[in-house]
Amino acid sequence: MSESSAEAAVAAVASASEAAAGWRRATGLAGAAIGVIAAGAAAGVAIERMTVGRGMRQKARLALDSAGPYGSLRGTPGKAYADDGTELYYEVDDVDPESAPALSPRRRRLFGRKAPAPVTVVFSHGYCLSQDSWHFQRAALRGVVRTVHWDQRSHGRSARGVAQTQEGRHVDIEQLGRDLKAVIDAAAPDGPLVLVGHSMGGMTVMALADQYPELIRERVVATALVGTSSGRLGEVNFGLPVAGVNAVRRVLPGVLKALGQRAELVEKGRRATADLFAGIIKRYSFSSRDVDPAIARFAERMIEGTPIDVVAEFYPAFADHDKTEALALFTDMPVLVLAGVGDLVTPSEHSEAIADLLPEAELVLVPDAGHLVMLEHPEVVTDRLADLLTRAGAVPAGATVSGYGSTSSTARRG
């Protein structure tokens, strides 16, 4: 690096640091933990500042927002109501009648003129995301199988949690399991089910099993657990050095509580330091270097759309999450366990631990993939999910599932 380049880099880092310092001053306690997490991302943001002006970056974000097709798929809307009255939004994509196979004479004898209830695939998304995070898989499966996509409470188009806004209670994973049951009761009250969950969505599926084991035994024919964990999340180091992660664990719960109480001020701070947060989001969402900028921006937009007080309400649930025993309910069905090798949020070792308890499960580890593996390498996830659905009898063996998206990596099966 030349002397002038070195000076530019120093200036850029200083600029990034100054912006972060301003945000810390505005939010008080927040900088203690967030500064540790942001350190790695800030360097990348600073280097970008050397060549790309702030105005140009803002224009690029707007262009990606207007041109990107991601998250644009919509289905038939519906509403379910949780046990505390929270309104949960979901959408249904039905099977295309023209592509559905005709009933054979044998099926007509067994079921009369009425077809059996179709298999419904229920997708549950992760923390700070929305149902749109399954964009590629949804596009690939449209018309082939009946699917339900829903927004977790306080996320996406679902309403804020009543227990959180009126009673000040934090969310727990058990509540999310009951929310999923409410969605199933409203959107798929009968017929076989395939449950698909990413990250917090996978934990939601486990909580459903823990509380409604009869539902799992009687109706669930296959399960996919993507980038998730059955417990021990308090041991995750998020790719930080020991000293850094210990500091984060010690102060982050208090920081998030303080931030949640000053949500309006914090949201202004997030907007003022958008570049820094974009770097953090990219680091903890993806692993490969060549992520499509439109995909990175799509993920950033979903995460940005989650208010800081919602982030604070949900965070404590993960430390208490332990659904290891509930995994036994999935032993007698096809199961896909898939994770990105570079996942810093729910490391792939957690998926390997799940697979160890489900020896008949298919374990797929995707190299060069991070936490949002279904966006980073969509064809790998879609391919393995389509295979799972075929093994479960959810789609005919000859059905065509389009490969929507692209990937440069090859998955490694455990």
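Counting from 1, residues in each chain are numbered in the order their sequence is written. Reporting in this predicted model follows two pLDDT cut-offs: at least 70 for local features of residues, and 80 or more for side-chain atom pairs to be given and counted; totals over whole chains, interfaces and linings ignore these cut-offs and use all residues. Only hydrogens and water are removed before side-chain values are computed, so all heavy atoms of the structure are retained for them.

## Digging into the overall build of the protein chain
So, point 1. Counting its secondary structure elements, the protein chain contains 17 helices and nine strands.
So, point 2. We call a residue buried when its accessible area falls under 20% of the maximum for its residue type, exposed when it is over 50%, and partly exposed in between, using a 1.4 Å probe and counting protein chains only. Considering the protein chain as a whole, with its 414 residues, one finds that 52% of them fall into the buried category.
So, point 3. Intrachain contacts of the protein chain at a sequence separation of at least 6 include 82% that bridge at least 24 residues.
So, point 4. Throughout, the Shrake-Rupley method with a 1.4 Å probe supplies accessible areas, and for residues the shown protein chains are the sole cover considered. Total accessible area on the protein chain is roughly 18400 Å²; 53% of this is exposed by carbon and sulfur atoms. Helix and strand assignments come from DSSP, with helices taken as H or I runs of at least 4 residues and strands as E runs of at least 2, each series counted from the N terminus. In this description, contact between two residues means that some pair of their heavy atoms is separated by no more than 4.5 Å.

## Structural notes on the pattern of salt bridges
When their charged atoms lie close together, side chains carrying opposite charge are able to pair.
So, point 1. Each reported salt bridge corresponds to a side-chain nitrogen of Lys or Arg within 4 Å of a carboxyl oxygen of Asp or Glu. Per the stated rule, a full pass over the model turns up 24 salt bridges.
So, point 2. Here Arg169 and Glu167 are joined by a salt bridge, their closest N and O atoms 2.9 Å apart.
So, point 3. For Arg169, a relative accessible area of 38% puts it in the partly exposed group.
So, point 4. Across the pair Glu174 and Lys323 runs a salt bridge whose closest N-O atoms are separated by 2.4 Å. One end of the pair, Glu174, is in helix α7 (residues 173–187); the other, Lys323, is in the loop between α14 (308–320) and β7 (335–340), and 149 residues separate them in sequence.
So, point 5. Here the salt bridges do not stand alone but share partners, grouping Arg74, Glu91, Asp93, Asp132, Arg138, Arg142 and Arg157 into one network.

## Description of the nonpolar core
So, point 1. If you look at the biggest cluster of nonpolar residues, it comprises 40 residues, and the most contacted ones within it are Val194, Val196, Phe286, Leu338, Leu375 and Leu389.
So, point 2. Element by element, the count of residues in this core is highest for helix α13 (residues 293–304), at six residues.
So, point 3. Beyond its immediate stretch of four places on either side in the chain, Leu389 contacts Val121, Leu141, Val145, Val194, Ala394 and Val395. As used here, the term nonpolar core means buried Ala, Val, Leu, Ile, Met, Phe, Trp, Tyr and Cys residues forming a set that is joined through side-chain atoms within 4.5 Å.

## Notes on the pairing of strand β5 (residues 193–198)
So, point 1. Of all six residues that make up β5, six are buried, and the element is covered over most of its length.
So, point 2. Burial along β5 is two-sided: the residues Leu193, Leu195 and Gly197 and Val194, Val196 and His198 are all buried.
So, point 3. Strands are treated as partners if at least two bridges between them are detected by DSSP. Here strand β3 (residues 120–124) runs beside β5; their pairing, made up of five bridges, is parallel. Counterpart to Thr120 in the pairing with β5 is Leu193.
So, point 4. As defined by bridge partners, β5 adjoins strand β6 (residues 220–226) across six bridges and the pair is classed as parallel.

## Points about unusual backbone geometry
So, point 1. Phi is positive for Ser154, which is not a glycine, with a value near 70°.
So, point 2. Note that Ser154 resides in the loop between β4 (146–150) and α6 (162–167).
So, point 3. Exposure remark for Ser154: the relative accessible area of 7% places this residue in the buried category.
So, point 4. In this structure, Asp368 takes a positive phi of about 60° despite not being glycine.
So, point 5. Its place among the elements puts Asp368 in the loop between β8 (362–366) and α16 (373–376).
So, point 6. Residue classification places Asp368 among the partly exposed positions, given a relative accessible area of 35%.

## Some remarks on the pairing of β8
So, point 1. Burial analysis of β8 places five of its five residues in the buried class, the great majority of the element.
So, point 2. Neither face of β8 is open: one carries Glu362, Val364 and Val366, the other Leu363 and Leu365, and all of them are buried.
So, point 3. With the strands aimed away from the viewer, a crossover counts as right-handed if its path from the first strand over the helix to the second runs clockwise. Crossover handedness for the path β7 to helix α15 (residues 348–357) to β8: right-handed.

## Concerning helix α17 (residues 378–391)
So, point 1. Helix length check: α17 (14 residues) gives 20 Å between terminal C-alpha atoms against 20 Å at 1.5 Å per residue, within 8%.
So, point 2. Among the residues making up α17, those that are buried are Pro378, Val380, Val381, Thr382, Arg384, Leu385, Ala386, Leu388 and Leu389. Here, expected helix span is obtained from the residue count minus one, scaled by 1.5 Å.

## Topic: the confidence of the model for the protein chain
So, point 1. A residue's pLDDT is simply how confident the predictor is in it, with values from 0 to 100. Of all residues in the protein chain, 66% have pLDDT values of 70 or greater, and the mean over the chain is 79.
So, point 2. Here residues 107–113 is modelled with pLDDT under 50, and outside its nearest four sequence neighbours on either side it reaches three contacts, counting other chains as well.

## What to know about the packing of aromatic side chains
So, point 1. Centres within 6.5 Å are what make two rings of Phe, Tyr or Trp a pair, Trp counting through its six-membered ring; a difference in plane orientation under 30 degrees is then read as stacked, over 60 as edge-to-face, and the rest as tilted. This structure, assessed with the given rule, holds five aromatic pairs.
So, point 2. Among the aromatic side chains, those forming a connected cluster through ring pairs are Tyr70, Phe136 and Phe298.
So, point 3. Residue placement shows Lys181 over the ring face of Tyr212; its charged tip is 5.2 Å from the ring centre.
So, point 4. In this scheme, the term charge over a ring applies when either NZ of a lysine or CZ of an arginine sits within 6 Å of the ring centre and within 35 degrees of the ring normal. Of note, Arg283 hangs over the ring of Tyr284, and the distance from its end group to the ring centre comes to 5.3 Å.

## Let's talk about the side chain of Ser133
So, point 1. Following the sequence through the fold, Ser133 ends up in the loop between β3 and α5 (135–141).
So, point 2. Setting aside anything within four residues of it in sequence, one finds Ser133 in contact with His125, Met302, Met374 and Leu375.

## A few points about the packing of α7 against helix α8 (residues 200–211)
So, point 1. With their axes 7 Å apart at the nearest point, α7 and α8 run at an angle of 80° to one another. On the basis of the axis angle, α7 is roughly perpendicular to α8. Between α7 and α8, the contacting residues are Ile173, Glu174, Leu176, Gly177, Arg178, Leu180, Lys181 and Ile184 on the first element and Met200, Met203, Thr204, Val205, Ala207, Leu208 and Gln211 on the second.
So, point 2. Only Asp, Glu, Lys and Arg are considered charged, only Ala, Val, Leu, Ile, Met, Phe, Trp, Tyr, Cys and Pro nonpolar, and every remaining residue, Gly among them, polar. Partitioned by chemical class, the residues of the contact of α7 with α8 number nine nonpolar, three polar and three charged. Note on method: axes are straight lines fitted to C-alpha atoms, helices fitted across the in-contact stretch only, with angles between N-to-C directions ranging 0 to 180 degrees. Roughly parallel refers to an angle under 35 degrees, roughly antiparallel to one over 145, roughly perpendicular to one between 65 and 115, and oblique to any angle outside these ranges.

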